[in-house]
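Topology and contacts: notes
For reference, the chains in residue letters:
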Amino acid sequence: MTTTTPGPSALRGAVGTARTRIEGREKVTGAARYAGEIPFADLAHGWLVLSTVTRGRILDVETAPVLSMPGVLTVLHHGNAPRLHTDYVGMLGTPPDPTCAVFQNDRVPFAGWPVALVVAETPEEAREAAEALVVTYDSEPHDTALHAEHPGAYAAAGHMPAETQKGDLEAQLAASAFVVDAEYTTPEEQHSMMEPHAATARWEGGRLEVVDSNQGAGWVQGELATMFSLDASSVRVRSEHIGGGFGSKGLRAHQVSAVMAATALNRPVRVVLTRRQTFSLGGYRSPTTQRVRLGAAPDGRLLALEHRSLNQTSTVYEFVEPSAGVARVLYDADAHRTANHVVRLDVPSPTWMRAPGEAPGSFAIEAALDELAERGGIDPIELRLRNEPDVGPVSGLPFAGNNLAACFREGARRFGWADRDPRPGVRREGRWLLGTGTAAASFGAGAAPSTALVTAEADGSFTVRITAADIGTGARTALTLIAADALETAPEQVRVRIGDSDFGPAMIAGGSMGTRSWAWAVTAAAAELRERLAMATSIPPEGITVRSDTTEALGALARKERHSFGAQFAEVAVDTATGEIRVRRMLGVFAAGRIVNPLTARNQLVGGMTWGISMALHEEAVRDRNTGGHYAPDLAGYHVATHADTPAIEVDWVDDHDPDDPVGIKGVGEIGIVGAAAAVANAVWHATGVRHRDLPIRPDRVLSATVPEPAGGAADA
C-alpha cells in the first residue's frame, strides 16, 4: 500500500505541548499491572537455578529429592528440556545469545549460567526447592580479567565497522604542537531497573501467549517463534506496562524457560528473575579500556585523533560496546583512526545499555579533549568549536543537522562559563575545592521500518494500534499527541494501544529510535485515513481502518549523518581530606529534534544526566577473579546515585527539527547520559588539579591522588 505523510505545517499543535502521562494515575495508584502482577488461573511458578562454578561441565542434577518436596511440579534441565532451534539471525542482525537458549547442553561458560528450572505451585515452594537442588560440576580454570594487553583481543564490528582509518597518524602526532596520549577505563555497569524481568507463558486454543516485560513485543514474538519452531501467527506477546528497560529487556532466559515449562505442564507458568539473578542474566554494560591519542596544531585544530576501545564479551556470544564510535561523529582530524576490539572471557554476555558505546566512549574522548585544552591553553568549549566537522569525519556524509555549537553557546551563557577561572585548584569554599567542567554529547537519530493501524470509529474517535513499548518514556502520551495532530483532532479523541505483537511489526524501544519510528508509521496511516474519510459518506459500525508500512519510505531516505547533540556542564565540590565529591549543579542543552512532549522529554534528559552522575561517581560492579562471580550483586553492594547525590539539574534544548522526518523528531532517550560523566570528571580536575581517568571517581581514588603544588598546576592520577 502506498502512503503519504504530512509535513510539519500540516500538524495542528498538540505536539510540543506539555502533557502528563495518559497512564500516570494508574501507575501512581497501583492500578497499572506489570508482567509479574497479572493474575492467571492455575498459575505455576518457576525458579531458575544458576551455576555456582565459572567454567566447566554439569555432571549430575539430583532431581529426585527436589521432586518429592511440597508443591514441586517438575525440574527442567539439559537432560530433559526440549531442543531449541538456534541457528538463525534475529531481529537485531545477530544469532540469539545461548544464555537464552537454556538447558541445551552440559557446558557452563560463566558463573550464573542457567542450569535448571524448578516449577512449583507457589513461588515460595519453587524457591525453596531450587535452593535445595544439588548440581554437581566438573570445574575448569577460568579467565574473567579484562586488561588492555590481553592476548585474546581482536577487532569486532558489531553494528558498525570495527576499524576506520585515514591519514598518517604517527606523522601528524609528530607534527603536533601538543599531544595527549592516555588510557581511560570504565567499569562493568548494571541496568538495575525498578521492575525485574518477568514473563508468564501459557497455551490457549493451540496458541502460545506470553505476557512479558520487554522493549519490543514483536521482537520477543519473532525470537520465540523461531526458537521453538512455531509459526509466528501462533505466538502472541503482550507487554502493557514496563518498569524500565535501558536495553536489557529483550529475549532472556526467563521467557524461554517459562515457555518450556508451560509446554511441559500444559498450564500457565511464570518466571521472575531476582535482583541477584539479573546481574548474570539481565545483561550489563561491559567494562572498557580505551586509549586516546590526540595531537593539535598551535591554534588547537586537531591534526591527529586515535580512539581505541576494548571491551569484554562472553565465550558463547560476541557483543561489542562500540565506544570508539562517538569519535567518528564529533571530531575530525587530518589523521583519524578508531577501533573497537573485544576479548572473550568466562563472563556473562554484555548487552545494550542506555547509550551503548557513546556513554563510556564520550568519557574517554571528552576527558582527552579537556586534557588537550589544558595543555594548549585553550578554553575547552572553544577547542571543541574549532574542531566541529562540516561533514561526517569518517563517512564524509552531510549532517542532517548539527547544532552542537548552538548548544555550547546557549549552555555557556546560562551556566556562567565566561566567569570561569581556567586555573585548577584555585576556588575554595571552606573545606571544599570547587570546579566546573563541560563535555559534548552525540547520539544517533535513526528510524526503523514499522507498521501501524489507525481506525476511525463510528463515534468520531480514533484508535491507534502499534507494537510500541513504553518503558517509562511516556511513549503512549507522545504517540497520542502525534496522532492527534496527524488526524487533525484533539488528543482526547485518540486512544493509543501498544505492547501487543498482534498489531504487526514495529521498531523496538531502543536506540533512541522508538518514538521516531512509530511516529512515522502513525502519521503515514493517519494521512491515508484522512483521504479515505474525505471520500466516505459515513463510517460503518466497525469503523474504517488503514494500515501503514514505512519500509519503502525509509528506504528512500538520502544517506546522511543523523544525530542528536548536546552540551553538558557540571559544577562539583571536592573535599580532598575525606575524598567526598558533591555535584552541585548540572546543565544540559540539547539539539534533539522536535520535542514532542516537553514534560516527558525533560524527564528523560534529567534521568540521563542523573545516570551520568551515577556513572561518574558511584556505579561499579566488581567481579571476584577467584570465583568469577560478583561481590554483592544487589542494590546494597551496587551503588547508584540517590536523591542526596543529585543536585539541581537543568535541561533545555535549541530548535532542531529534522527536515527529513514527518514530525521533525530525532530522539531524547539516550543523549542525556552521553557526556555527563565526562563533564563531572572534568569538573573534578578543575577543582583539584588531579586528572582521574578511571571511573567511578571513588573517595579512595581521590584520597590516593596527589594534589599538585602550587595550585593551578596539573597532575595525573
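Throughout this description, residue numbers start from 1 for each chain and increase along the sequence as written. Local features in this predicted model are restricted to residues whose pLDDT is 70 or higher, and side-chain atom pairs enter the listing and the counts only when it is 80 or higher, whereas totals over whole chains, interfaces and linings include all residues. To obtain the side-chain values, all non-hydrogen atoms of the structure were used and water was disregarded.

**Thoughts on the sheet that holds strand β21 (residues 451–456)**
By definition, two strands form a pair when at least two bridges between them are found by DSSP. The secondary structure listing takes helices from DSSP runs of H or I that are at least 4 residues long and strands from runs of E that are at least 2 residues long, numbered from the N terminus. Strand order in the open sheet made by the four strands is β23-β22-β21-β24, with mixed pairing throughout. A single partner strand is all that each edge strand has here, and the edge strands are β23 (494–497) and β24 (544–549). Averaged over all adjacent pairs, the angle separating strand axes in this sheet is 15 degrees, with direction ignored. Judged from the six bridges that link them, β21 and β24 form a sheet pairing that is antiparallel. Across the sheet, Thr451 pairs through a bridge with Asp549, a residue of β24. Helix axes use the C-alpha atoms of the stretch in contact, all axes being lines fitted to C-alpha atoms, and the angles between their N-to-C directions lie in the range 0 to 180 degrees.

**A look at the environment of Ala261**
Looking at the secondary structure, you find Ala261 in helix α6 (residues 253–265). Here Ala261 falls in the buried class, since its relative accessible area comes to 0%. Sequence-wise, Ala261 and Thr99 are 162 residues apart; in three dimensions their C-alpha atoms are separated by 17 Å. Here, residues are in contact when the closest pair of their heavy atoms is within 4.5 Å. Contacts of Ala261, omitting those with residues within four sequence positions, involve Leu76, Leu117, Val119, Asn266 and Val269. Only protein chains enter the accessibility calculation, which uses a 1.4 Å probe; a residue whose area is less than 20% of its type maximum is buried, one above 50% is exposed, and one in between is partly exposed.

**A word on the confidence of the model for the protein chain**
pLDDT: the predictor's confidence for each residue, scored from 0 to 100. Scored by pLDDT, the protein chain has a mean of 95; 97% of the residues are at 70 or more. Segment residues 1–11 is flagged for pLDDT under 50; beyond a separation of four residues in sequence, or across chains, it makes 31 contacts in the model. pLDDT under 50 marks residues 709–717. Its contacts with residues more than four places away, or in other chains, come to 26 contacts.

**Quick notes on the pairing of strand β1 (residues 44–50)**
The element β1 is largely enclosed, with a buried count of seven among its seven residues. Residues Ala44, Gly46, Leu48 and Leu50 point to one face of β1 and His45, Trp47 and Val49 to the other, with burial holding for every one of them. With six bridges connecting them, β1 and strand β5 (residues 114–120) associate as antiparallel partners. When the sheet's bridge partners are listed, Gly46 is paired in β5 with Val119.

**Things to note about the nonpolar core**
Among buried residues, those of type Ala, Val, Leu, Ile, Met, Phe, Trp, Tyr and Cys that are joined through side-chain atoms within 4.5 Å constitute a nonpolar core. Core analysis: the biggest nonpolar cluster contains 85 residues, and Tyr184, Leu294, Ile365, Phe569, Val572 and Met586 have the highest contact counts within it. Those residues within four positions of Val572 in sequence are excluded, and the remaining contacts are Leu433, Leu434, Gly435, Ile581, Arg582, Val583, Arg584, Val680, Ala683, Val684 and Ala687. Counting residues in hydrophobic clusters, the runner-up holds 42 residues, among them Leu481, Ile498, Ile544 and Val546.

**Topic: the packing of helix α12 (residues 475–487) against helix α13 (residues 514–535)**
Angle between the axes and distance between the axes are the two parameters that describe a pair of packed helices. Close contact between α12 and α13 brings their axes to 9 Å; oriented N to C, the two are set at 30 degrees. It follows that α12 is roughly parallel to α13 by the angle criterion. Read as a crossing pair, α12 and α13 show a hand that is right-handed. Contacts between α12 and α13 pair Ala475, Ala478, Leu479, Ile482, Ala483, Ala486 and Leu487 from the former with Thr515, Trp518, Ala519, Val522, Thr523, Ala526, Leu529 and Arg530 from the latter. Following the grouping adopted for this structure description, the nonpolar residues are Ala, Val, Leu, Ile, Met, Phe, Trp, Tyr, Cys and Pro, the charged ones are Asp, Glu, Lys and Arg, and the polar ones are all others, Gly among them. In the contact of α12 with α13, the residues fall into twelve nonpolar, two polar and one charged. Working definition: roughly parallel below 35 degrees, roughly antiparallel above 145 degrees, roughly perpendicular at 65 to 115 degrees, and oblique for all remaining angles. Two helices crossing with the near one rotated counterclockwise from the far one by less than a right angle form a left-handed crossing, whereas a clockwise rotation gives a right-handed crossing.

**Comments concerning the packing of aromatic side chains**
Between the rings of Phe, Tyr and Trp (Trp by its six-membered ring), a pair exists once the centres lie within 6.5 Å; its type follows the angle of the planes, with under 30 degrees stacked, over 60 edge-to-face, and the other angles tilted. As enumerated under the stated definition, the model contains nine aromatic pairs in all. Between the aromatic rings of Phe246 and Trp611, the centroid separation amounts to 4.8 Å while the plane-to-plane angle is 75 degrees, which identifies the pairing as edge-to-face. Of this pair, Phe246 sits in the loop between β13 (235–238) and α6 while Trp611 sits in helix α15 (residues 598–617); the two residues are 365 residues apart in sequence, bridging distant segments of the chain. Among the residues examined, Phe246 registers a relative accessible area of 28% and is labelled partly exposed. For Trp611, a relative accessible area of 9% gives the class buried. Aromatic side chains Phe279 and Tyr638 sit 5.9 Å apart centroid to centroid with 85 degrees between the ring planes, which places their arrangement in the edge-to-face category.

**Looking at the pattern of salt bridges**
For salt bridges, the criterion is a side-chain nitrogen of Lys or Arg within 4 Å of an Asp or Glu carboxyl oxygen. The final tally for this structure, using the stated rule, is 56 salt bridges. When the shortest N-O distance is used, the salt bridge between Asp660 and Arg562 registers 3.0 Å. Taken as a pair, Asp660 in the loop between β27 (648–653) and α16 (676–688) and Arg562 in the loop between α14 (551–555) and β25 (563–575) lie far apart in primary sequence, 98 residues in all.

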